[in-house]
Amino acid sequence: MPPTTYQKLLNKHVLVIGVSSGLGAGVAEASLESGAFVTIASSQSIIDATIDRLRELYPEFDSKVQRIAVDLSASSSSSSQHSGAEAEAEAEAEADTDSDTALEQKLHHLFVTTPTLHSSCSESGISNPNPKKVNHVILTAADPLSVHPLSSPSGLTPSTISTATHFRLTLPLLLAKVSLQHLPASTTSSLTLTSGTLAKKPSPGCALLSYFAGGLISLTKALALEMKPVRGSTAARTYLAFHHNAKLYKLSTVVSAIKPFSALEEANKLLFKKGKDDESKSSDDEFAIVAEKTIFHPQGGGQPSDEGVMTKCNDSVFRVSMVRMDAVNDGQVLHFGRFDSSSSANKFQVGDTIEQSIDIDKRLLYSRLHTAGHVLGAAVRHLLEKEIPGFDELKASHFPDIAGCEFQGSIEGKWKEPIQQKVDEYIDKAMPVEVDFWDEEDFRKNGLERLIPDRSLAPPGEKFRVVKIAGAEVYPCGGTHVDTTDLCGKTTVKKISRSKGTSRVSYNVD
Ligand SMILES: [Zn+2]
């Protein structure tokens, strides 16, 4: 397997729209260099010139590059002909609709005219009828720069302004709209718009173009929000599917990295080791796998790691025994485990499509224990917040047999029965447990400043995940939960212990 550092785009499909600028051709070349399949979409004459040059550079060019000749200019999009005096007004309206549809149709076409690549499954004899989806889109298409000094009476007119909007305003927005329908919903998908240097370095006569360029920068920020998890860059954070759907027990995704245990960074080796003995036990069969998405909850926030399997084409099985957040690479999830077969032919490779499935019984137990922990925390807060000086909820553990919540302040044993009653009340009420995403302002609006998490805990620009137990409490939380409190099952308060001004209330679920 080639080192992933130099084959970052191996098996990825990059769509480059517009190669007349040096930038577009450069992106196409760099993508090929990084192992990607490239589709170049541009006008015919420009494609021919670029292709000739790239073919000289890359011997495998014809199997790695697809060309689509397309005219995305405004004039080509509104070429519909209509006639007939009576229907003139109607035809005019239709022409507008047609030109709208025409441009979008052309953009759709760029995504669906995709080549069928040889996937690893087809190599093993199973045909893969799905064409390779586009993963990254780069737009560099533009018409020639028009310079319109403000001092020139005939320069800047409604019509020149309107003409300039096509490539700089209409096309980027429509491309974002169409990309959203076609790009895989993954943090490893991206849309890149190019603004040029005029946004930051204006030059005389280019007020209009600087205006568009500056707007593109704001547009990119807005798109990052609306197109999430698709990113404006190729950052490789793992998409945490369980954050959005805790009942996803199976998921198809793509391997983005695979490392033998021995090749892991020291900090990541430590995550895997439970004791010194384990070092000698670690063998060549042990790997850490990163995928574009995961349904596996990594250990954290008091919740144990999920277990399960990842399979490729039903014949290669990787048993996931432990899942952790990567200690070195921000936002990546490491799945530790072993392949059933030690044969190297059965191991995964970067770019392989695999299916994840988790141990459902364990997940349900962890979700019940975890939710019961929130219920207990809320019950204790509602009972004792005003009774105990300096009261606060501290950390909690939701592991089977050792689950418990810690509180600031000394909780006497006499409270055990009232806490049990309050817990029973919340469980019996079947209160809905809802997940939401809040920013700092949302916490303030709800009077919960005390809960605002550290900014570094959420990916840049993203909101914090919170769990709301309707009618009781809100907690910032990345774990998995049951839908209503009654689904926790009978929850028993076991014991209250006190130490150095804090108290621990232990519990279990049946
Ligand atoms: Zn939670």
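Here is what the cut-offs are and how they apply
All residue numbers here refer to positions counted from 1 along the written sequence of the relevant chain. Per-residue local features are limited, in this predicted model, to residues with pLDDT of at least 70; the limit for side-chain atom pairs, both in listing and counting, is 80 or more; totals at the level of whole chains, interfaces and linings are taken over all residues. To get the side-chain values, all heavy atoms of the structure are used, and hydrogens and water are removed first. Because water is not among the atoms used, a metal site may look incomplete, as its donors are only the N, O and S atoms within 2.8 Å, or 3.2 Å for Na, K and Ca. Any site counts as irregular unless it has four donors with all angles between 85 and 135 degrees, making it tetrahedral, or four or six donors with opposite ones more than 155 degrees apart and the rest between 65 and 115, making it square planar or octahedral. Strands here are runs of E lasting at least two residues and helices are runs of H or I lasting at least four, both read from the DSSP assignment and numbered beginning at the N terminus. Relative accessibility under 20% of the residue-type maximum defines a buried residue, over 50% an exposed one, and the middle range a partly exposed one, all with a 1.4 Å probe and only protein chains included. Here a strand pair is declared whenever DSSP counts at least two bridges between the two strands. Axis lines are fitted to C-alpha atoms, over the contacting stretch for helices. Their N-to-C directions set the angle, which ranges from 0 to 180 degrees. Throughout, a residue-residue contact means that at least one pair of heavy atoms, one from each residue, lies within 4.5 Å. Counting of polar contacts relies on pairs of N or O atoms within 3.5 Å, with two restrictions inside protein: one atom must be capable of donating a hydrogen and the other of accepting it, and residues adjacent in sequence are counted only when both atoms are side-chain atoms. Orientation is classified from the angle alone, with under 35 degrees giving roughly parallel, over 145 giving roughly antiparallel, 65 to 115 giving roughly perpendicular, and any other angle giving oblique. Crossing handedness is read from the near helix: turned anticlockwise from the far helix by less than a right angle, it gives a left-handed crossing, and turned clockwise, a right-handed one. For this classification, Asp, Glu, Lys and Arg are treated as charged, while Ala, Val, Leu, Ile, Met, Phe, Trp, Tyr, Cys and Pro are nonpolar and the rest, including Gly, are polar.

Here we come to the coordination of the zinc ion. Here the zinc ion is held by His-370 (NE2), His-374 (NE2), Cys-477 (SG) and His-481 (NE2), and the distances to it run 2.0 to 2.1 Å. Considering all four donor atoms around the zinc ion, the spread of angles at the metal, 98 to 127 degrees, places the coordination shape in the tetrahedral class. Mapping the donors of the zinc ion onto the primary sequence yields the spacing H-x3-H-x102-C-x3-H. Of this pair, His-370 sits in helix α11 (residues 360–384) while His-481 sits in the loop between β18 (473–476) and β19 (491–499), placing them 111 residues apart in sequence. Judged by its relative accessible area of 1%, His-370 falls in the buried class.

Around the barrel, six strands lie side by side as β7-β8-β12-β11-β10-β13; this closed barrel has antiparallel pairing. Taking the axes of each pair of neighbouring strands and ignoring which way they run, one obtains an average angle of 45 degrees across the sheet. Two elements, strand β7 (residues 250–260) and strand β8 (residues 286–291), share five bridges in a ladder whose sense is antiparallel. The residue of β8 that forms the bridge with Pro-260 is Phe-287.

Pairing geometry for strand β14 (residues 392–397) and strand β15 (residues 404–408), over four bridges, is antiparallel. The partner of Ala-396 across the bridge, within β15, is Cys-405.

Relative to the helices and strands, His-182 is located in helix α7 (residues 158–182). If near-sequence neighbours (up to four positions away) are discounted, His-182 is found in contact with His-108, Phe-111, Val-112 and Lys-133. Reaching out from His-182, the side chain makes a polar contact with the side chain of His-108 at a distance of 2.8 Å.

Consecutive side chains along a regular strand alternate between the two faces of the sheet. Sheet analysis places β7 next to strand β13 (residues 353–358), joined by five bridges and oriented antiparallel. Looking at β13, one finds that Lys-250 is bridged to Ser-357. Sheet topology note: the strand β10 (residues 308–312)/β13 ladder contains four bridges and is antiparallel. Considered in β13, the bridge of Thr-311 is made with Glu-355.

Our focus in this paragraph is unusual backbone geometry. Phi angles above zero are rare outside glycine, and Asp-401 is one such case at about 75 degrees. Mapped onto the elements of the fold, Asp-401 is located in the loop between β14 and β15. Residue Asp-401 is classed as exposed on the basis of its relative accessible area of 68%. For Ala-430, which is not glycine, the phi torsion reads 50 degrees and is therefore positive. With respect to the secondary-structure elements, Ala-430 resides in the loop between α12 (416–428) and β16 (433–438).

Turning to the sheet that holds β18, a few remarks are in order. Reading across from one edge, β16-β17-β18 is the order of the three strands in this open sheet, with antiparallel pairing throughout. Both edges of this open sheet fall to β16 and β18, since each of them pairs with a single strand only. Adjacent strand axes in the sheet meet at a mean angle of 25 degrees when their direction is disregarded. In this sheet, β18 lies alongside strand β17 (residues 464–469) in antiparallel orientation, the contact comprising four bridges. Each residue of the ladder has a partner; that of Lys-468, found in β18, is Val-474. α11 rests against β16, β17 and β18 of the sheet, and its axis sits at about 125 degrees to β18.

Packing of α11 against α12 leaves a shortest axis separation of 9 Å and a crossing angle of 125 degrees. On the basis of the axis angle, α11 is oblique to α12. The crossing of α11 and α12 is right-handed. From α11, Val-375, Leu-376, Ala-378, Ala-379, Val-380, His-382 and Leu-383 reach across to α12, where they touch Pro-418, Ile-419, Lys-422, Val-423, Tyr-426 and Ile-427. Grouping the constituent residues of the contact of α11 with α12 by class yields 11 nonpolar, one polar and one charged.

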